[in-house]
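Summary of the model geometry
The primary structure of each chain is shown beneath.
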Amino acid sequence: MKIKYIFPLVVGLGVLSGCEQSLLDTVPNDRISSDIFWKTERDAILASNGLYPALDGVNIFAIEGVTDISHVNQVFQVESNIEKGIHDALNSRPQSEWTAAYRGIRLANDFLANIDKVQTTNTALIARLKGEARTLRAYQYTKLVGLFGDVPLVTTTIGIEEGRTLKRTSSAQIWDFVLKELTEAANDLPATQTDKGRVTKGAALALKARAALWAGRYQEAADAAKAVIDSKTYALYSSYANLFSYAAENNSEVILDKQFIKDTYSNNVFASMGPYSQRTANNTYVPTKALVDAYPMANGKDITDPTSSFDPKNPYANRDPRLRASIFVQGDDLPDGKKFDPRPTSGTADAIGNTYLATSTGFVLKKYINKEDLTTGGNCGINIVLLRYAEVLLTYAEAKIELNQIDATVYDAINQIRQRADVKLPALATGLSQAQLRDAVRKERLLELAFEGLRLFDIRRWKIAEKVMVGDVYGMTYADGADLKTIQIASFTRVFDPAKHYLWPIPQKERELNPELTQNSGW
Amino acid sequence: MYKPLLLSFLVCGITGFVQNANAQVFAANYTTISQQNKNQPDRKASIPLKEALRDAEARFGIHLVYKTDEIPNRLIAADALSGKLEQVLENLLSPAGLTYKKVRNTYIIKTQKVKTSGKEMLTPSETSPEALPNTRAISNDFSSLRTVPSQLQFPTSSTHAVAVEDIKIAGKVAEENGQGLPGVSILLKGTNRGTTTDANGAFQLAVPDEKAVLVFSYVGYLPQEVVVGGRTAINITLAADTKALGEVVVVGYGVQKKTSLTSAVAEVKSEQLTRRPVSNANQALQGIAPGVTILDRGGSPGPNSRATVRVRGITTLSSNDPLFIVDGVEQPFNTINLDDIESISVLKDASSTAIYGSRAANGVVLVTTKRAKSGKAVVDYSGFYAVQNAINKPEMMDLEPYMRLQNVALINSGAAAKFSEAQISEYVNATDRLKFPLPNTWFKTVLRAAPQFSQNVSVSGGNEFFRGRVGVRYQKQGGIAPNFDSDVKEIRANTDFKVSNRLSASVDINYRNNNWQTPVSEFNVFNTMFHGSLWAVPKYPDGTYGVSAQGNNPLMYAEIAGLSRNIQDYLFGSGKVEWEIIPNLKFSSQYAIRYTAEQNKNYTNAYTVLDYYNPSLVRKTIPRSSLTEIRSVTRETTLNNLLGYSNTFGQHEVKALVGYSEIQNKYNTISAYREDFYNNDVQSIGSGSDNNKNSGGVDSQWGLRSFFGRVNYALADKYLFEANARYDGSSRFTGDKVYSFFPSFSAGWRLSEEKFFEPLRTVVSELKVRGSWGRTGNQAVGLYSYFQTLNSSTYTFGGSVVQGYVQSNLANPNLTWETTTQTDIGLDAQLWNNRLSVTFDYYDKLTDGILLNLPIPTTVGLNAPPQNAGKVGNKGIELGLTYRNKTKSGFAYEIGGNFAQNNNKVIDLAKTGPYISGSDIDPRYIIKEGLPYNAHWGYKTDGLFQTADEIKAYPTLVPNMKPGDVKYVDLNNDGKINSDDMTFIGLTFPRYTFGLNTNFSYKNFTLFTQWQGAADVDTRLSGALAEMGNYEGFTHKIYTDNYWTPERPNARFPRPVKLDLRNVSTSDRMIIDGSYLRMKTIQLSYSLPKGLLERIKAGRATVYVSGTNLLTFSKLNEWNLDPEAESGRATYYPQTSLTTVGLNVQF
């Protein structure tokens, strides 16, 4: 009967085992405590590495997607309502841009609040990293003001309660802040970085030029742009057609980009923007007739010019080479080697109306659509360029024109772009008026920078949205027998109310969480 | 902070006590007290006799048997305990006029009426009736099972003491229908001697003389006493005990007499669970108990059922699953073998759940598995074979109306018609459906009938020292679409050991292996049956798949896209000891380990589909195969220590329980990815390409430490009181938030026991009112939410990958439990000779401090931490009625009905919200103060616009509305239709649920039906079902000639507009009343007659045919959709109906 005593013994042991103290005191093994960080130089670099994912990436296409040169291919996308002008403060696109920008700002603020805890004698490193963080923060504010106007200026790490009482800061004050930050950051930043993709002095100055231009502070814009030009660090890349290819990554023209690498830190630009026929691609935002028609003939004349030699039956021949470098048009080679034929009767997967997922305009973006990504459209390593030298040249030109400081440098800046090795448009006629030059520089911006995330800000700055963002939306013109037919997006009309549509509404949820946030006028 | 300390002390107190007690047991080997005294603390000079007896029992390792009321309340000098055993007993008993008899290790104490000698050999007849101690009759909290009636004791003594002159008796115990009743206990009255019946109800027993009285008892039957007289064969029939309230009910950490229950507990018996063939245990609970709502949304074969269990509504914003406790340990319920279940108790009110504290807010489901009874081994077999058929088979519009609808929709959108009259007629009249495929045939071509079967064999039996039950299950379920199937293999062994009169142990082992597979993307299969797959030929004669313009074919996805294969191994082991320290005081300890290993292999095939007519044309290609393999392991240990006391003092019945429990859970998962395998048959992770391989994984652990207790007090079995408390500590919280306290109180009054009630008793035999109040908690928050951490991030500079560290979540160290406070008022009654039983409950439940990631201003720049905010309330009533009767002709019937109403309301969201999810084209839900949780949210509509003037005079959703478009109501009259005009348009969780069970039996036939339904619930169809052909989806027949045209101004549906969503925005038009009444089961069974049974040597056998989900009344019938399905696109594995034949037999 010994067994009779064994059970109580087991019970007793069982009870005793219950006194394990660590039961409720668990420590995660997949993350680290904030308390042990911010000690070494390595920590400083690791922390600064963490700031870069906050840069814009493929979301620039969504911002571009709601402008005159683009159509949101599927009307049930949230951006479609913005394109149509029937969006409200609940629309998730403004919310997501707002959230992402303040996320980037928080990261930079965290970094700047803690970086001085790092024990090191390498003060230059710390200064450089601070410069990077301040530039990245200024980048977010530039975009925020462009989208929303006045927004809260947050420069410290705030808590929830503070977040509930923030007020909007005037755009002017934010521009002051941004320009000052970028000026100071530029002083601490090197002209080039060992790590390709890190913020440089040129990035800070080029961003300053952009911000100043958007702020209408043309002198500052021109000066900053000139500083970049004069630094001779950057030059236009030889080929516009290859500018967004893998081969051209980190080329001499790139000033700031979001860097990607297949598999590990990739984007889905091919899948989201490529032609529907290319495996899993979705041409989410497609170019419109407005953009395609804007490209002049190779002789520099607009296609509306009777002397331009434009042939409506062969509309893509002899055009500004940037057209077919930027956009898939009928007859182009597709990444899979087939011909792009979006005509409704073509029988291809890209045929308009074949399915509502195929392009509705007959055009598809070609920039960034690389053969290398054909089989892995959702896993692309191509860097997304956020700021390039061409923009700096055009910013310089535009600022000088607005300042009416028209001189040879202005023409030179624009002509450099027109006469890139594989573009080779005729130089601008000399002796143009300020107004003529203004038109010229604006058009050059449109063509050169199409689908690079700047158009929305441009049509807002120039106050032309109320003209270009209204009415029906058109696509390709094609020959149907003897007739020429132009695609019109069925049952789709754009509305633009200048009283309110020049800014996005402050997201509804933000205003509910923080009653101090006022709404933009008209919303 | 002193509270945890105090509680730790309690545990250590228990520990200390137990160790002390152990010491005493071990000391029993010593024969002299003097040796003992060295280990004893100083004692008081005098102690009560009862305590002294207990001391003596413990000290000498003997068992004393006595009637408590025969032991006088007198004090004994402490030194009376000195000396040898016999001397001590003499010292204690003689002065009190008591004596004792020794039977082996048991000493029976009685009054000194009979002259005895301590050395005399005791014969059984002399162990006179009084010797049976009444203390044993009190049902004890520790027995979580009711297999052996508590008054049964089989001390080793009696069986050995059989004298030669005994009379041998044999006989049989039968049910009223004449069938032998196995497991009936037969006790020689006044002794501990007895036996149980075998599988056929037969028994043998030796009795000392003709005066002997046999007591026959069996749970659920009225006990019977029989005087032996001169007989040697005794055949009796036991009558079923219809007084249901006489039963005991499993409650948290124990059992309780139903009559003395003061809380709301719904009980489900095994036979209720196994009547309906189901693949998933959750489904079996449907429609059985009031207040327990099962939303059965079908689901593909395998454990990931889409049937959810909700107790008294939606309590919180996160998981609303109740806590499932199987045999004392938290275990998965949905995969359990229903044939292994003895009973289920659903604890609904706080009084019953509070003892589970922090995990009890959503109710607790207690499952007790079957255990063996003593007796000859009994073999049970149950098996069924069923044919499953999809019952969601929406019907596609006919070809011609569909083509015409397309033309109308295109013209309405401003485009040109797509089909000319000639094309339409060519297409419609075509006979070659390969060249002229029909638009959508998937519900006929992908779905098929599928078999399902289940086999269960169990063997159980044993003797007084050892009882064991082993159950084996094999279950297989085919899929109603290709490549879906599941099988389950399972073994459970439940064993019980009786070590001594006061020590028993049980060891349970359960192993379950579930293998199931689905196509690698189940979603693709069912989504493309509705969406993006028009005009595709399912399969050409040579096996080539057709693909739609969007490249889809659901049959192709099901057959060749690859497989997701899953293996789940579940292993459970539990060891439990119960030790009666002294009479009335029991200690039990259970230690259990749960091990769950899961392996998922998701293999995507590489494949290419060529054009049938032009094989050089590639229609679709997936160039790379890939494999993601995930393995995860969960190890959870549970320790439960309980100390329980129960006693009766005259009219006072007292029970008390204290317990300690801890749970430790460790989880670990790893995943690996490779692609580009040599071919689709090579599916080993190491065989993929080295390019682009990837791996991941995570470890986590959590712990829960709990202290709990309960006190029951009953006065004259009439006035009942109960209090529970639990003090829970969780690793999910930190600092002073780690521990929290959950109390509950309840009381009951059995009016029917009162004098004034007597006149009514002929009608109402039992009437009890009860009320309870209590608090429970919910710890549904992610691990480490309180921990301020930096997360790793990835970036790349110039092609080199770099790591970064950033803060991404705000930590909340103040995080604590959600608390649910619940008040319940209930009534239990038995009427008309117990033919009608009634249970009624009203409850009011408020969950406060709901853990949710309240949105924070995003200007803060970090993800919101979970916070304790938000209140959700549930109020409702529950009614359960059962009526049973039997006519003289032998026709027996039972009708059980249950009804529940639950009003759910989000009361407070801490000044945030509303939270809106969904969109214009899919169901839109809102969580908003004052509305039910997750209500439908959208526009009100006012018919269709009929004229242009009407449109001019009213705001519209989009510009350019035309007649035939939907008129959305400008609720706020601001001249615009926008989100400000949205309002509450329906409930997503039913307000009313009800069930009805009927059972009619006559002779050997039984007809059983189960009905179940819900009301005041709404469904929002979306996607192809709602778009009426405006996109490229399935188009339901219901739209045929039923959409607006100028000639049909009164059509039910608006005008179609191609690629336009103006008329299908989430609105009251899109809401369909989801109420339904469904005949869940109809079953006809036949019990084989005696003669036949004898021929096949079976104890009993029943064959049945049944049907499940064969009849439904619902507005969704016209959409051919299952009313239990949730809102949305119906892109899920369809709900099925079952036609079953089955056999249950016992040998």
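Residues numbered from 1 in each chain as written. Chains lettered and ligands numbered in written order. Predicted model: local features only at pLDDT ≥ 70, side-chain atom pairs only at ≥ 80, totals over all residues. Heavy atoms only, no water.

1. Quick word on helix 16 (residues 434–449) of chain A
All names here are of chain A.
- Helix length check: helix 16, at 16 residues, gives a terminal C-alpha distance of 22 Å against a target of 22 Å (1.5 Å per residue), a fit within 8%.
- Here helix 16 has its buried residues at Leu437, Ala440, Val441, Arg442, Glu444, Arg445, Leu446, Leu447, Glu448 and Leu449.
- Where helix 16 terminates, the next one or two residues include Phe451, which has phi positive at roughly 60°. (Helix = DSSP H or I, 4+ residues; strand = E, 2+ residues; numbered from the N terminus. Expected span 1.5 Å × (residues − 1). Buried < 20%, exposed > 50% of the residue type's maximum accessible area, 1.4 Å probe, protein only.)

2. Let's talk about the packing of helix 9 (residues 399–412) of chain B against helix 10 (residues 421–429) of chain B
Residues and elements named next belong to chain B.
- At a minimum axis separation of 10 Å, helix 9 and helix 10 run at an interaxial angle of 155°. Here helix 10 runs roughly antiparallel to helix 9, going by the angle between their axes. Helix-helix and strand crossings are classified by hand; for helix 9 and helix 10 the assignment is right-handed. Together, Leu399, Glu400, Met403, Arg404 and Asn407 of helix 9 and Glu421, Gln423, Ile424, Tyr427 and Val428 of helix 10 make up the contact between the two elements. (Axes fitted to C-alpha atoms, helices over the stretch in contact; angles between N-to-C directions. Parallel < 35°, antiparallel > 145°, perpendicular 65-115°, else oblique. Left-handed = near helix turned anticlockwise from the far one by under 90°. Contact = heavy atoms within 4.5 Å.)

3. A word on the confidence of the model for chain B
All names here are of chain B.
- For chain B, the mean per-residue pLDDT works out to 84, and 88% of the residues sit at or above 70.
- Element-level pLDDT for chain B is lowest in helix 2 (residues 33–37), with a mean of 35, against a maximum mean of 96 in helix 13 (residues 554–560).
- Scored below 50 in pLDDT, residues 1–44 makes 54 contacts in the model with residues more than four places away or belonging to other chains.
- The ipTM for the predicted assembly is 0.93, set against a pTM of 0.79. (pLDDT = per-residue confidence, 0-100.)

4. Section: the sheet that holds strand 37 (residues 789–797) of chain B
- Strands sit in the order 1(A)-37(B)-38(B) across an open sheet of three strands; the sheet is antiparallel. Only two strands of the sheet have a single neighbouring strand rather than two, namely strand 1 (32–33) of chain A together with strand 38 (800–806) of chain B.
- In this sheet, strand 37 of chain B lies alongside strand 1 of chain A in antiparallel orientation, the contact comprising two bridges. Residue pairing for strand 37 of chain B: Ile32 of chain A is matched across the bridge by Leu790 of chain B.
- Against the sheet, helix 2 (residues 41–49) of chain A engages strand 37 and strand 38 of chain B, with an angle of about 95° to strand 38 of chain B. (Pairing = 2+ DSSP bridges.)

5. Details of the sheet that holds strand 6 (residues 167–174) of chain B
Residues and elements named next belong to chain B.
- In spatial order, the strands read 9-6-12; together these three strands make up an open sheet with mixed pairing. This sheet does not close on itself; its edge strands, each paired only once, are strand 9 (202–207) and strand 12 (233–237). The average angle at which neighbouring strand axes cross in this sheet is 25°, direction not considered.
- Bridge count for strand 6 against strand 12 is five bridges, and the pairing is parallel. Within strand 12, the position partnered with Ala174 by the bridge is Thr237.

6. Quick notes on the environment of Arg619 of chain B
Residues and elements named next belong to chain B.
- Mapped onto the secondary structure, Arg619 falls in strand 30 (residues 618–622).
- For the pair Arg619 and Ser752, spaced 133 residues apart in sequence, the C-alpha to C-alpha distance is 79 Å.
- The contacts of Arg619, once residues within four sequence positions are left out, are Val547, Val609, Leu610 and Asp611.
- Engagement of the side chain of Arg619 in a polar contact is seen with the side chain of Asp611, the distance being 2.8 Å. (Polar contact = N/O pair within 3.5 Å; in protein donor to acceptor, adjacent residues only side chain to side chain.)

7. Quick notes on the nonpolar core
Residues and elements named next belong to chain A.
- Phe61 and Tyr141 are the most contacted members of the largest nonpolar core, which totals 157 residues.
- If one sorts the elements of this core by residue count, helix 6 (residues 123–148) sits on top with twelve residues.
- Those residues in contact with Phe61, other than ones at most four positions away along the chain, are Val269, Met273, Tyr285, Leu365, Tyr368, Ile384 and Phe451. (Core = buried A, V, L, I, M, F, W, Y, C linked by side-chain atoms within 4.5 Å.)

8. What about the pattern of salt bridges?
- Enumeration over the complete set of coordinates arrives at 98 salt bridges over all chains.
- The closest approach of N and O atoms between Asp480 of chain A and Lys485 of chain A, which form a salt bridge, is 2.7 Å.
- Among the salt bridges present, the one from Glu662 of chain B reaches Arg705 of chain B, with a minimum N-O distance of 3.6 Å. Of the two residues, Glu662 of chain B is situated in strand 32 (residues 652–675) and Arg705 of chain B in strand 33 (residues 694–715); the sequence distance between them amounts to 43 residues.
- According to the relative accessible area criterion, Glu662 of chain B is buried, its value standing at 9%. (Salt bridge = Lys/Arg side-chain N within 4 Å of Asp/Glu carboxyl O.)

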